[in-house]
Protein chains: 2
Amino acid sequence: MRGPGMGKAVSPLKPAHLPQMPDIAGVRLASAAAGIRYAGRSDVLLVTFPKGTSVAGVFTRSKCPSAPVEWCRARIGAGRARALVVNSGNANAFTGKTGRQATQMTAELAAKAVGCRPAEVFLASTGVIGEPLDAGKFAGVMHELAAGAAPQRWVDAAEAIGTTDTFPKLASAAARLAGAAVRINGIAKGAGMIAPDMATMLAFVFTDAPIVPGALQALLARAVVDTFNAVTIDGDTSTSDTLLAFATGAAAAAGAPTIARASDRRLAEFRSALQDVLGSLAEQVARDGEGASKLIEIVVEGAVSKRSARKIALSIANSPLVKTAVGGGDANWGRIVMAVGKAGEPADRDRLSIWFGDIRVAHKGARDPSYVERDVAAYMKRHEISIRVALGLGGGRDRVLSCDLTKEYVAINGDYRS
Amino acid sequence: MRGPGMGKAVSPLKPAHLPQMPDIAGVRLASAAAGIRYAGRSDVLLVTFPKGTSVAGVFTRSKCPSAPVEWCRARIGAGRARALVVNSGNANAFTGKTGRQATQMTAELAAKAVGCRPAEVFLASTGVIGEPLDAGKFAGVMHELAAGAAPQRWVDAAEAIGTTDTFPKLASAAARLAGAAVRINGIAKGAGMIAPDMATMLAFVFTDAPIVPGALQALLARAVVDTFNAVTIDGDTSTSDTLLAFATGAAAAAGAPTIARASDRRLAEFRSALQDVLGSLAEQVARDGEGASKLIEIVVEGAVSKRSARKIALSIANSPLVKTAVGGGDANWGRIVMAVGKAGEPADRDRLSIWFGDIRVAHKGARDPSYVERDVAAYMKRHEISIRVALGLGGGRDRVLSCDLTKEYVAINGDYRS
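As the structure is a prediction and not an experimental result, all values here were calculated from the model. Within each chain, residue numbers correspond to sequence positions counted from 1 in written order. Each chain is given a letter, starting from A, and each ligand a number, starting from 1, according to the order in which they appear as written. Per-residue local features are limited, in this predicted model, to residues with pLDDT of at least 70; the limit for side-chain atom pairs, both in listing and counting, is 80 or more; totals at the level of whole chains, interfaces and linings are taken over all residues. Hydrogens and waters are ignored; side-chain quantities use all the structure's heavy atoms.

(A) Inspection of the sheet that holds strand β5 (residues 121-128) of chain B at higher detail. Residue and element names in this part refer to chain B. Taken together, four strands build an open sheet; the order of strands is β1-β2-β4-β5 and the sheet is mixed. Here the strands that pair on one side only, and so sit at the sheet edges, are β1 (28-32) and β5. Pairs of neighbouring strands in the sheet enclose a mean axial angle of 10°, with direction left out of account. Pairing of strand β2 (residues 44-48) with strand β4 (residues 83-90) involves five bridges; the strand directions are antiparallel. Bridge pairing in β4 places L45 opposite V86. Pairing between two strands is assigned when DSSP locates at least 2 bridges connecting them. Working definition: helices are DSSP H or I runs of at least four residues, strands are E runs of at least two. Numbering for both runs from the N terminus. Structural elements are reduced to axes, namely lines fitted to C-alpha atoms, with helices fitted over the stretch in contact, and the angle between N-to-C directions of any two is expressed from 0 to 180 degrees.

So this is what it looks like as structure tokens:
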């Protein structure tokens, strides 16, 4: 693995400034350098929660998941969390029995330091696959982490979980829950091996809203559909993709009611805020795709269904030929046609229209005679490219985010492990 | 489009020498420079056949096929061909009504020059998508082509149909059909936008064996499964993929019987020879993948079925992270695990074994403790890399070919159209 990702050339698509991250009552964070793989940077994060905190999670659909994913899956049903431990540098994936022992040991160390049961500790690991994770290294830092955990450490937390990320990913939103103010904070890390489902390797959201685990799970599962699951960097799904949501319930003190069902109408604002936080984190993941120089938004409309539109949009978003063309500033709409055609979904060439930004380059199955190459060439120089495809068949619409494929992606991934 | 592909740096994976291409009785070839897009190179090929020649074809499954694909599909059922016209430089895809007119005009020009009906002319075009094809340019060369067509022009033919190919792709095999000698020649072009199904943009095979169209079609459809359909360069399926087979029947004069059914036992040698020709052409396509520096063979065994093994093999073959790692000489088996996991097919992490060449790097769900990094690093320096994955679940086995993903691929495709 190349050195600490944060030391690399920063993505040109990095957001202009970090968001304000308020405290989330009951959530405390601390990070440290355990020396898992990197030298001179933090690589372990501990987050602690008060008793009664709800937890929900969405995980990779990989048939070869990591040991921490299996650990979380086995415990998410109980719905209660007191701690989260995340390390970078080693994914603890494809590590067999050793990997399971490492998760057990990590959870026991954290449980002892925090004062809870190991089953209330949730785990995530990111980094190289197939190397044993030496969980013993956490022993030296866990008590210090628990003792030093504080409400403000959001940026440190986001940095500790990064690998080839070039900037920390944070988002925050506020909502009112039956008149009481509640908050949602989130952190995430990318930056390669990013594809649905899930779209990011690791993301964590935290709220003070009082929501029971089952409702939190339903809210989370719904919110990923058009956020993390609508982002793809390279079509490669990680063994470790993990999204966990923690709800401390501390806002009850300010009058927030306890929410028992995801269909509760009082959740309207919260649902929207959760979508905003996940959407922002997912976009930041695309903005920090390995080697990315352009953020690509793909909108497909007029498909026979949303599902069909999603499949076509992903076919475009994952096409190496589309991604290299955008990277080269080439409005190569022929490759968009190719990607629509290979998706296998209903499409009628002679009804197809394609736009780059506001410029329609193809209409009803042929080049739009009115478009000016110079205008579209100027548009393609931007850092943010929007591609819109209208199929003219029905009302199905979808949007996904991706990034271009560059020589830097090849360079980063040609010498990642060695 | 960058200039004539043949002028580029030649792939390091190019076969050491061109195969001997015998005459195929009845088949005559000629190429010329019609000035479709390139300057100073041939870009149109005419092949003529005697009366009674059978034709069969397999085409792209793209929902947005090119005009020539639609032309051929509409006429392949009649099973008879007198001429084949192929141009490079323009794919005549997504060209609407103009595209249909261009195919009609091309077929009429060729029919007039050859002395047949337009419906007996088969067409293929490769090159840029979405630009009108000026078929009028063929008018100036068609009679000269028909007059000059000769049996020996195989290398010229293969060169005329190339785009970003860096070497001409030819293959030949001989077989005995009920004691009589028959021959099969084939030519193909790659080199990007290559994925099942079909795996190549254009390939043509020619035989003097007397085989009726229906039997030829069945033979061809079966032969592509483990040849062209088992090759992927970048997972992008072209709008133009076309494989046509022509059987002149001229070997009847040497005593070859007319074959009416693909199940005829006398076809055993022919079937094997056809498989060899298609297999060789498909491998040459992989060897000339855009920017390729390494040929990658992926063998998956122990899957629940051949179909499942194919899906897993393609997941590995199309993974940008696997392809960049191989390009960088990194035996990153963790990414193989990732690609197995994301295929969505039955796989049990704890039974998985992975080899690079003869070196087992992972066994039963963990790193193989006996493998020596130095040995595998030395293996990865080769031009031909074999990756084998054993799932330990059943008897399903499959093999696909691919190539690595390099900065040159990005460079070639970042400025293809402009």
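Having put the structure on the table, let's press on.
(B) Main features of the packing of helix α11 (residues 407-414) of chain A against helix α9 (residues 320-327) of chain B. Closest axis-to-axis distance for the α11 of chain A/α9 of chain B pair is 8 Å, and the angle between their directions is 70°. Classified by the angle between their axes, α11 of chain A and α9 of chain B sit roughly perpendicular to one another. Between α11 of chain A and α9 of chain B, the residues in contact are Y409, V410, N413 and G414 of chain A and P320, L321, T324 and A325 of chain B, respectively. Classification used: nonpolar for Ala, Val, Leu, Ile, Met, Phe, Trp, Tyr, Cys and Pro, charged for Asp, Glu, Lys and Arg, polar for all others including Gly. Tallied by class, the residues present in the contact of α11 of chain A with α9 of chain B amount to five nonpolar, three polar and no charged. Here the angle decides the label: under 35 degrees means roughly parallel, over 145 means roughly antiparallel, 65 to 115 means roughly perpendicular, and every other value means oblique. In this analysis, two residues are considered to be in contact whenever any of their non-hydrogen atoms come within 4.5 Å of each other.

(C) Fine view of helix α1 (residues 67-76) of chain B. Note on exposure labels: buried denotes an accessible area under 20% of the residue type's maximum, exposed denotes more than 50%, and partly exposed covers the range between, all computed with a 1.4 Å probe on protein chains only. Along α1 of chain B, the positions that sit buried rather than exposed are A67, P68, V69, W71, C72 and I76 of chain B. Where α1 of chain B is buried, its residues meet β3 (54-59), α2 (96-114), β5, α6 (213-224) and β9 (242-247) of chain B.

(D) Just the side chain of T242 of chain B, in detail. All names here are of chain B. With respect to the secondary-structure elements, T242 resides in strand β9. The class for T242 is buried, based on a relative accessible area of 1%. Pairs of N or O atoms are called polar contacts if they sit within 3.5 Å, as long as, within protein, a hydrogen donor faces a hydrogen acceptor (for residues adjacent in sequence, only side-chain-to-side-chain pairs). A polar side-chain atom of T242 sits 2.8 Å from the main-chain carbonyl oxygen of S240.

(E) Main features of the environment of E70 of chain A. Tracing the backbone through its elements, the reader meets E70 of chain A in helix α1 (residues 67-76). Once the C-alpha coordinates of E70 of chain A and A33 of chain A are considered, the two residues, 37 residues apart in sequence, prove to be 25 Å apart. Apart from the residues lying within four places of it in its own chain, the contact partners of E70 of chain A are P65 of chain A together with R349 of chain B.

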